Structure formats: structure tokens, C-alpha cells
Amino acid sequence: MNRRDGNKMDETIDMDFYRDRDEQAFLEAWEAKNGPVSDDELDELYLNIAASVDEQVKNGTHKLGEVFVYEGVAVGESDYNTFHQLYLFQEAKEDK
């Protein structure tokens, strides 16, 4: 999910999911609440999620490793990859 273009690479916060099933779980929950999304809308949604989690991590209202919720939908447990400068999400574990 490379949603960056040329010169904006260093400025853009990005996100991805560890596994396809993590993304599928999020998309099913998102679409159940908000309806289907097109590929373009999905790109924008993911950029908005990345910006939101970045802001909340920086201001201390979200801690990595916890479930991140965006507009009432659980995205998943969050992590950050410093090498690739992107937030990663995985479906929340049932035993938590």
C-alpha cells in the first residue's frame, strides 16, 4: 500500500496491515458501519487513519500496541515501523 508520491515521501504518514486477514476484518467492520468504499476512497481513508493515529500517538492519547479506533471502527492493534515510517495494524487478539 504505497500511497506516497515523489517529493512528498518524507511528509506523508502511511499505514498498512500485517496480514490480509487483518485488513479484511477492518474493511468488513468499516463497510458494515459506513457502506462500501471505492479504491480511491480507501486510499484516502487509509491516509486519514494514518494521520489520525500519528497525531494521537504524538499527543499521548493513543499508545502503540493498543487497539486504535477510527470513527467508531476498530482498525486493530497498532505498531510503528521506523524503517519504513508507517503504522501497522493487526486484528485485536481475542484474549485481550
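Shown above is the structure to which this text applies.
A quick note: this is a predicted structure, and the numbers were derived from the prediction, not measured.

Asks: Would you take a moment to explain the packing of aromatic side chains for this structure?
Replies: Aromatic ring pairs are defined here through the distance separating the ring centres and the angle between the ring planes. Using the criterion set out here, one finds 8 aromatic pairs in the structure. With centroids separated by 6.2 Å and ring planes inclined at 45 degrees, the aromatic side chains of Phe26 and Tyr46 adopt a geometry described as tilted. Separated by 20 residues along the polypeptide, Phe26 in helix H1 (residues 20-34) and Tyr46 in helix H2 (residues 39-59) bring together distant segments of the chain. An identical accessibility class is assigned to Phe26 and Tyr46; each is buried.

Asks: What should I look at first to understand the pattern of salt bridges in this one?
Replies: As a working rule, side chains carrying opposite charge can pair if their charged atoms are close by. Per the counting criterion, the structure on display carries 2 salt bridges. Asp22 is paired through a salt bridge with Arg19; the nearest N and O atoms lie 3.0 Å apart. Lys58 serves as the salt-bridge partner of Asp54, at 3.0 Å between the closest nitrogen and oxygen. With Asp54 and Lys58 both in helix H2 and 4 residues apart, the pair spans about one turn of that helix.

Asks: Mind showing me how you'd approach a negative patch on the surface here?
Replies: Negative charge collects at one region of the surface, where Asp39, Asp40, Glu41 and Glu44 lie side by side. Along the chain, Asp39 falls in helix H2. Looking at Asp39, the relative accessible area reads 64%, which means it is exposed.

Asks: Help me out: how do you make sense of the nonpolar core in this one?
Replies: Nonpolar side chains in soluble globular proteins tend to be buried together. Ranked by internal contacts, the top residues of the largest apolar core, which has 17 residues, are Met15, Phe26, Leu45, Tyr46, Ile49, Val75 and Phe89. The set of elements that each furnish at least two residues to this core consists of strand S1 (14-17), H1, H2, strand S2 (67-70), strand S3 (73-81) and strand S4 (86-90). In terms of residues, this core owes the most to one element, H2, which gives 6 residues. Not counting the four nearest positions on each side in its chain, Val75 is found in contact with Met15, Phe17, Phe26, Ile49, Phe68, Val69, Tyr70 and Phe89.

Criteria and thresholds
Residues numbered from 1 in each chain as written. Predicted model: local features only at pLDDT ≥ 70, side-chain atom pairs only at ≥ 80, totals over all residues. Heavy atoms only, no water. Phe/Tyr/Trp six-rings, centres within 6.5 Å; stacked < 30°, edge-to-face > 60°. Helix = DSSP H or I, 4+ residues; strand = E, 2+ residues; numbered from the N terminus. Buried < 20%, exposed > 50% of the residue type's maximum accessible area, 1.4 Å probe, protein only. Salt bridge = Lys/Arg side-chain N within 4 Å of Asp/Glu carboxyl O. Patch = residues over 30% accessible without salt bridge, like charges linked within 9 Å, V, L, I, M, F, W, Y side chains within 5 Å. Areas by Shrake-Rupley, 256 points an atom, 1.4 Å probe, with all protein chains shown as cover. Lys, Arg positive; Asp, Glu negative; His and termini not counted. Charge placed at Lys NZ, Arg CZ, Asp CG, Glu CD. Core = buried A, V, L, I, M, F, W, Y, C linked by side-chain atoms within 4.5 Å. Contact = heavy atoms within 4.5 Å.

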